[in-house]
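# Residue-level structure breakdown
The chain contents come next:
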There are 4 protein chains.
Amino acid sequence: MIVSSTSTALDRLRREVLAANLDIVARGLVLYTFGNASGIDRANNLVVIKPSGVPYEKLQAEDLPVFTIDGKHVDGEFKPSSDLATHLHLYREFPGIGGVVHTHSEYATAWAQAGRAIPAYGTTHADYFHGPVPVTAPLSDEEIEGEYVLNTGIAITRIFSGRDPLATPAALVAGHAPFVWGRTPHEAAHNAVVLESVARMAFLTVTLNQACEGVSQGLLDRHYFRKHGAKATYGQ
Amino acid sequence: MIVSSTSTALDRLRREVLAANLDIVARGLVLYTFGNASGIDRANNLVVIKPSGVPYEKLQAEDLPVFTIDGKHVDGEFKPSSDLATHLHLYREFPGIGGVVHTHSEYATAWAQAGRAIPAYGTTHADYFHGPVPVTAPLSDEEIEGEYVLNTGIAITRIFSGRDPLATPAALVAGHAPFVWGRTPHEAAHNAVVLESVARMAFLTVTLNQACEGVSQGLLDRHYFRKHGAKATYGQ
Amino acid sequence: MIVSSTSTALDRLRREVLAANLDIVARGLVLYTFGNASGIDRANNLVVIKPSGVPYEKLQAEDLPVFTIDGKHVDGEFKPSSDLATHLHLYREFPGIGGVVHTHSEYATAWAQAGRAIPAYGTTHADYFHGPVPVTAPLSDEEIEGEYVLNTGIAITRIFSGRDPLATPAALVAGHAPFVWGRTPHEAAHNAVVLESVARMAFLTVTLNQACEGVSQGLLDRHYFRKHGAKATYGQ
Amino acid sequence: MIVSSTSTALDRLRREVLAANLDIVARGLVLYTFGNASGIDRANNLVVIKPSGVPYEKLQAEDLPVFTIDGKHVDGEFKPSSDLATHLHLYREFPGIGGVVHTHSEYATAWAQAGRAIPAYGTTHADYFHGPVPVTAPLSDEEIEGEYVLNTGIAITRIFSGRDPLATPAALVAGHAPFVWGRTPHEAAHNAVVLESVARMAFLTVTLNQACEGVSQGLLDRHYFRKHGAKATYGQ
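Remember, predicted model here, so these are calculated numbers, not experimental data.

### Quick notes on the overall build of chain A
Each helix and strand in chain A was counted, giving eight helices and seven strands. Its C-alpha atoms give chain A a radius of gyration of 18 Å, near enough to 18 Å, the size a compact globule of 236 residues would have. Principal axes of the C-alpha set define a box for chain A whose edges measure 55 × 50 × 35 Å. Burial status across chain A gives 60% buried among its 236 residues. Residue pairs in contact within chain A that sit at least 24 positions apart in sequence constitute 64% of those at least 6 positions apart.

Rendered as structure tokens:
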């Protein structure tokens, strides 16, 4: 049973997750239904995610299915996005995150398909990602034949071992596409939009200069910390 | 004479084919009138296709000319698309298909012009095409001087010998452009849109990694069969 | 003095030239005012052209200045496009053309800047251009210091010596951008739009296949002659 | 205290700077808030700049903060763009300029990230930039750890030593993005839009022809001086 305070929080989360799903469409990251955003209510460990294959223009907040962080269905009549198990794994392993976004945005996906991390070539990157956006190893046949969607999440968290996932809130799944996260669903969607622009500029940069070494650690730190952490000076 | 039940089915087919023609325009695949969609009524072996050179904004369902699968004119006062003979050949040879779409969408056309099949570089591809999107051999001078449009269709079906055309519902005609199909005109148009996105990402991928080997057979199978066949788990 | 029958023809020509100028803007070929279209009344040898530096949104048909084919000012208070002398030279040397369009559309301009002709890589090209779109030699210092704008036209007509300008209705001026023509201002604008798409696909094609040989002469002829000449079968 | 004649000039300047900020958004140069435009009232040495992190759709002219050319806050409750010190340095060192624009527009930024100047490959470039658009040296660790934003401006003015900044009104900051200027905020924004188009065409050109030598000095001079200086013949 969902008590009413949970229900109010859930309603709000559903609206936030719906907004994040619509945002990645409006920003041109999504062809047809190739993308999904989710969010978590950490107080109750409940995850809201886009349903599978429902056209965006018909999505209503109350359509979004709800699951416990361990994958038990709680509410909503639609089937969840087929990527649910990846999202849930990220929420379990990255306790600081509140939203996850997955898209097949074209430039970030191209880097994932090429099996290459996106180097930190400039300050746009450094403002959001404190180092290269990493790429997973290709999944083995066993991982693909087994719990494939869960194993996709495991491939991501494996490369973040010992690293702060909020310092570099994105990963490329080799041969697949990016997963992006943030403190909220809104921030995850925002980071996914920036990732696509960063991926596009990195594609152009490496075409112009195959040997480009990217920004120095000093510049990476300067830009990252002016937007993040205790000494941030950005915005109002 | 067209009996009234056929007529009702034809009316519906004409509206579906019109919608598919407008869809490929709305999705940005068509410059001026460089594209055409058709559909078949299998019960009566009647094919509806876009007329030649009529501006899309003026197209009405009843303008769409109707032919038998063998090319006999049945209804409609406009001349058919100049690619009619290719469409008809595909309907005769691929009995499972219900719609055909031809465009000069720019990235898919570039692969066709380069004479290269589009490798299966990622899961977006694998969700729709169970292996590379093949490219035909260049047509010989005899094929070009003879029944060129029919021979274009024959070049396509030749490379599908022994293969399921619905498992990889597209082909690139060398030096020309893609032909795409599906169970319905709507699905053919949808597949044409996805092909262009896949072609764009493949262009970026191979630029980033000339030696990219693409997805494993296991990943290709996993993604393809979760959307197709008896064990499909996708959508609602 | 302009007699009234000339005046009526001029009014119509001005509207056609205005429409061609607006068309290349609507099709995305023009940044700010970097483009111009003109047309000629062959009966009276009068040329109408876009004025220099007037914002498109304020252009009225009656604003378009009128010149004789030899460059004498006839009507209109605005200064003509700074490329007038190139247009006039093309009208004098290519008696079959009725409209000229010049843009800095980005892909065609890139080929011009690279000093490369656009090879006939596919049937989209062959439907409009019966062979490569040629590029001029770079202008010499003398040509630049002298009557530069006229010399730009001479560089174009020099490479069409002995060729039919309507069979390949475009040229790239090295280090500059394309000039495109047609039987009417409308057709010139249409050809400029197709040229940009062809240039974009050729860029992608050569990136995918540096050694691409392009279409055979047989395919070039087949596509060209089905849209042009006495045996054309295209359209209604 | 701001006397009323200053106030009227400031009001006008604020509207001009707001318009320039909105212009670079409307022209597609700005993702989220990654860009800023400023302007200077030379009579009073007052600089107006975009506030930091305020969404464009909410910006009002009176929100724009005002500073003396030496960085003393004069008016406006919002914090200035974090790039203020770069803008102020440019105004101090380039006395002929009246507006500065900074964006992360994708092609110009790619050249900056690649550490390459944009060569003068064609006449579009020559109409606006009288030679290559230069790129700074990478900032040293000391410059980054010190007054980073000011040092960014110093890196720019260092490469303009002995050159006329209005003859080539833009620079690429290595590993960062372009700064562009002009006689007014409007002209700076216009130049930033042209720079992005020039950067895009230069990317395509060098991909088509790695050895491209660009336009001759004669062509560079011809195009530049027909739009600039005492003998300009362009426009009405």
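That was the structure; now back to the text.
### With respect to the interface of chain A and chain B
Between chain A and chain B, the residue contacts involve 31 residues of the former and 30 residues of the latter. Regarding the contact of chain A and chain B, the summed buried area is about 2,700 Å², with carbon and sulfur atoms giving 56% of it. It is A:Tyr32, A:Glu106 and A:Gln113 that lose the most area in chain A upon contact with chain B, and together they represent 25% of the buried surface on that side. Between the two partners, chain A and chain B, sit one salt bridge.

### Describing the side chain of D:Glu196
All names here are of chain D. With respect to the secondary-structure elements, glutamate 196 resides in helix α7 (residues 185-208). Buried charged residue glutamate 196 carries no salt bridge. Nearest counter-charge: arginine 200, at 4.0 Å. Residues in contact with glutamate 196, not counting those within four places in the same chain, are Leu29, Ser105, Glu106, Tyr107 and Ala108.

### Re the packing of aromatic side chains
This structure, assessed with the given rule, holds 32 aromatic pairs over all chains. On the basis of an interplanar angle of 80° and a centroid distance of 5.6 Å, the ring pair of B:Tyr224 and B:Phe225 is categorised as edge-to-face. Owing to a relative accessible area of 6%, B:Tyr224 belongs among the buried residues under this scheme. Between C:Phe94 and C:Phe160 the ring centres are 5.6 Å apart and the planes differ by 70°, which places this aromatic pair in the edge-to-face class.

### Notes on the environment of A:Ile144
Here A:Ile144 shows up in helix α5 (residues 141-145). According to the relative accessible area criterion, A:Ile144 is buried, its value standing at 2%. Not counting chain neighbours up to four residues away, the residues in contact with A:Ile144 comprise A:Leu139, B:Ser216, B:Gly218, B:Leu219 and B:Arg222.

### Comments concerning the relation of the copies chain A and chain D
For the pair chain A and chain D, the best superposition has an RMSD of 0.0 Å and corresponds to a rotation of 90° with a translation of 0.0 Å parallel to the axis. These values place the two chain copies in the arrangement generated by a four-fold rotation axis. Relative to the rotation axis, the C-alpha of A:Thr207 is the closest in chain A, positioned 5.7 Å from it. Interface overlap between copies is the fraction of interface residues in one copy that are interface residues in the other; for chain A against chain D it is only 3%, indicating separate surfaces.

### With respect to the relation of the copies chain A and chain B
Note on the copies: chain A fits chain B at an RMSD of 0.0 Å, the axial shift is 0.0 Å, and the rotation between them is 90°. Of the interface residues in chain A, just 3% have counterparts in chain B that sit at the interface too, so the contact is made through distinct surfaces.

### A word on the pairing of strand β7 (residues 178-182) of chain D
Residue and element names in this part refer to chain D. Of all five residues in β7, five are buried, a share of seventy percent or more. Along β7, one buried face is formed by Pro178, Val180 and Gly182 and the opposite face, lined by Phe179 and Trp181, is buried too. Pairing between strand β5 (residues 99-103) and β7: four bridges, direction antiparallel. Each residue of the ladder has a partner; that of histidine 102, found in β7, is phenylalanine 179. Here three bridges tie strand β6 (residues 170-172) to β7, and the two strands are oriented antiparallel to one another. What sits directly across from alanine 170, in β7, is valine 180. Between β6 and β7, which pair antiparallel one after the other, the connecting turn spans five residues, and glycine 175 there sits at a positive phi close to 70°.

### Considering the packing of helix α3 (residues 106-114) of chain B against helix α7 (residues 185-208) of chain C
Where α3(B) meets α7(C), the axes come as close as 8 Å, and the angle between the chain directions of the two elements is 50°. When the axis of α3(B) is compared with that of α7(C), the two are oblique. As α3(B) runs across α7(C), the sense of the crossing is right-handed. Contact residues: α3(B) offers B:Glu106, B:Tyr107, B:Thr109, B:Ala110, B:Trp111, B:Gln113 and B:Ala114, while α7(C) offers C:Ser197, C:Arg200, C:Met201, C:Ala202, C:Leu204, C:Thr205 and C:Leu208. The class makeup of the residues in the contact of α3(B) with α7(C) is eight nonpolar, four polar and two charged.

### Structural notes on the interface of chain A and chain D
Size of an interface, as often reported, equals the accessible area lost when the parts are brought together. In this complex, chain A contributes 31 residues to the contact, which on the side of chain D involves 31 residues. Between chain A and chain D, roughly 2,700 Å² of surface is buried when both sides are summed, and carbon and sulfur atoms account for 56% of that area. Here chain A is connected to chain D by one salt bridge. Counting only elements with at least two residues in the side of chain A that touches chain D, the list comes to α4 (123-128), α7 (185-208) and α8 (217-227) of chain A. For the side of chain A that touches chain D, the element with the most residues is α7(A), which contributes 11 residues. When the residues that make up the side of chain A that touches chain D are grouped by side-chain class, the tally is 12 nonpolar, 14 polar and five charged.

### Considerations on the confidence of the model for chain A
Taken as a whole, chain A shows an average pLDDT of 95; of its residues, 96% reach a score of 70 or greater. ipTM for the predicted complex: 0.95, alongside a pTM of 0.96.

### Topic: the pattern of salt bridges
As enumerated under the stated definition, the model contains 16 salt bridges over all chains in all. Residues A:Glu143 and A:Arg158 are paired through a salt bridge, measuring 3.2 Å at the closest nitrogen-oxygen approach. Of this pair, A:Glu143 sits in helix α5 while A:Arg158 sits in helix α6 (residues 148-159); the two residues are 15 residues apart in sequence, bridging distant segments of the chain. Given the relative accessible area of 18%, A:Glu143 is considered buried. Among the ionic pairs, B:Asp75 bridges to B:Arg14, the shortest N-O distance being 3.0 Å. Of this pair, B:Asp75 sits in strand β4 (residues 73-75) while B:Arg14 sits in helix α1 (residues 4-26), placing them 61 residues apart in sequence. A residue is classified by how much of its surface remains accessible, and B:Asp75, at 29% relative accessible area, is partly exposed. With a relative accessible area of 7%, B:Arg14 lands in the buried category.

Cut-offs and rules
Position numbers for residues start from 1 in each chain and track the written sequence from start to end. To label them, take the chains in the order written and letter them from A, then take the ligands in the order written and number them from 1. In keeping with the predicted nature of the model, local features appear solely for residues at pLDDT of at least 70, side-chain atom pairs appear and are counted solely at 80 or more, and the whole-chain, interface and lining totals rest on all residues. In computing side-chain properties, one takes all heavy atoms of the structure into account and sets aside hydrogens as well as water. Only DSSP runs of H or I with at least four residues qualify as helices, and only runs of E with at least two residues qualify as strands; both kinds are numbered from the N terminus onward. The quantity called the radius of gyration is restricted to C-alpha atoms. Its globule counterpart is 2.2 Å times the number of residues to the power 0.38. Burial classes follow relative accessibility: with a 1.4 Å probe on protein chains only, a residue under 20% of its type's maximum area counts as buried, one over 50% as exposed, and anything between as partly exposed. Residue contacts follow a heavy-atom distance rule, with two residues in contact if any of their heavy atoms lie within 4.5 Å. Two parts placed together each lose some accessible area under a 1.4 Å probe, and adding up what both lose gives the buried area. The term salt bridge refers to a pairing of a side-chain nitrogen on Lys or Arg with a carboxyl oxygen on Asp or Glu at a separation within 4 Å. Only four residue types enter the charge count: Lys and Arg as positive, Asp and Glu as negative, with His and the chain ends excluded. Stacked, tilted and edge-to-face pairs are distinguished by plane angle, under 30 degrees for stacked and over 60 for edge-to-face with tilted covering the rest, among Phe, Tyr and Trp rings (Trp via its six-membered ring) whose centres lie within 6.5 Å. Here the copies were fitted onto each other by least squares, based on C-alpha atoms from residues at pLDDT of at least 70 in both. When DSSP finds two or more bridges between a pair of strands, those strands are recorded as paired. Comment: axis = line fitted to C-alpha atoms, over the contacting stretch for helices; angle = value between 0 and 180 degrees taken between N-to-C directions. When an angle is under 35 degrees it counts as roughly parallel; over 145 it counts as roughly antiparallel; between 65 and 115 it counts as roughly perpendicular; any other value is oblique. Two helices crossing with the near one rotated counterclockwise from the far one by less than a right angle form a left-handed crossing, whereas a clockwise rotation gives a right-handed crossing. Note that Gly is not counted as nonpolar here; it falls among the polar residues with everything else outside the nonpolar set of Ala, Val, Leu, Ile, Met, Phe, Trp, Tyr, Cys and Pro and the charged set of Asp, Glu, Lys and Arg. A score from 0 to 100, pLDDT tells how confident the predictor is in each residue.

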